[in-house]
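# Breakdown of the fold
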Amino acid sequence: MNIAELKKLTASPLSLEARLLYAVGIKPQSLNGRITLDYNRLTPSLTVSGKGERGTIREYLPRAGDLNSFVCELINAGLIRPAPGARLQFENWWDGVLMILPLHQQSLVTDRHTYRMHDSWHPDSTFPDTARLAGLADISYTPGQLAEFTSYWTGRDDLLDNHRWNLRFISFLKKVHNK
């Protein structure tokens, strides 16, 4: 996911379900910024099953109508749009329709080159939004945590861009916060 998509996801008045549908279902299943929506294949991206308080089972299984509403939100936000000449079976029913992800290639990142980790690295300005979208509730970190992260990765040969280093740092913080 690029910065333009991330900004649109966080700045638009979208439901959590619509954001997840794009980030977990539509974007990963797209190919070169295009996807034919298949509600059966997208359903697992929003399906939740787990234990709630006092051991109660909590489940959420989106219906096709729910998915269609979330797709409408994404269309209105400009994250997806029907491909030219795309045909709908029914008015405003998007299952089976070829969609374009207009922000797929667009990126506001100015530094897309890859580099090895270095000891003076800090998360870039997109870190707070990326972290929240990735489910990191507490985005704070200590200088010691940052030093631990950079020292680990400095000794390795991984070449990543700023966005990917931010994602690695978010994963690290999730582990630290869950200890």
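Remember, predicted model here, so these are calculated numbers, not experimental data.

### Re the nonpolar core
Of all hydrophobic cores here, the largest spans 24 residues; its most connected members are L21, I26, L37 and L74. Mapped onto this core, the elements with two or more residues apiece are α1 (3-11), α2 (16-29), α3 (39-42) and α4 (64-77). Broken down by element, the residue count for this core peaks at five residues, all from α4. When sequence neighbours within four positions are dropped, the list of residues in contact with L37 reads I26, L42, V71, W94, D95, G96, V97 and M99.

### Concerning the packing of helix α6 (residues 143-154) against helix α7 (residues 162-177)
Interaxial distance between α6 and α7 falls to 11 Å at its minimum, and their mutual angle equals 125°. Here α6 lies oblique to α7, going by the angle between them. When you trace α6 past α7, the crossing you get is right-handed. Here Q145, L146, E148, F149 and W153 of α6 lie close against α7, whose contacting residues are W165, R168, F169, F172, L173 and V176. Partitioning the contact of α6 with α7 into residue classes produces eight nonpolar, one polar and two charged.

The rules behind these values
Going along each chain's sequence as written, the residues are numbered from 1 onward. Given that the model is predicted, a residue must reach a pLDDT of at least 70 before its local features are reported, and side-chain atom pairs must reach 80 or more before they are shown or counted; all residues, however, enter totals for whole chains, interfaces and linings. The basis for every side-chain value is the complete set of heavy atoms in the structure, and neither hydrogens nor water enter the calculation. For this analysis, a nonpolar core means a set of buried residues of the types Ala, Val, Leu, Ile, Met, Phe, Trp, Tyr and Cys, connected via side-chain atoms within 4.5 Å. Partly exposed residues are those whose accessible area sits between 20% and 50% of the maximum for their type, while under 20% is buried and over 50% is exposed, using a 1.4 Å probe and protein chains only. Secondary structure elements follow DSSP: runs of H or I of four or more residues count as helices, runs of E of two or more count as strands, with numbering from the N terminus. When checking whether two residues touch, look at their non-hydrogen atoms; a contact exists if any pair is within 4.5 Å. What counts as an axis is a line fitted to C-alpha atoms, over the stretch in contact for a helix, and the angles between N-to-C directions run from 0 to 180 degrees. The scheme is simple: roughly parallel for angles under 35 degrees, roughly antiparallel for over 145, roughly perpendicular for 65 to 115, oblique for anything else. With the far helix as reference, a near helix turned anticlockwise by less than a right angle produces a left-handed crossing, and one turned clockwise produces a right-handed crossing. The residue classification treats Ala, Val, Leu, Ile, Met, Phe, Trp, Tyr, Cys and Pro as nonpolar and Asp, Glu, Lys and Arg as charged. All others, Gly included, are polar.

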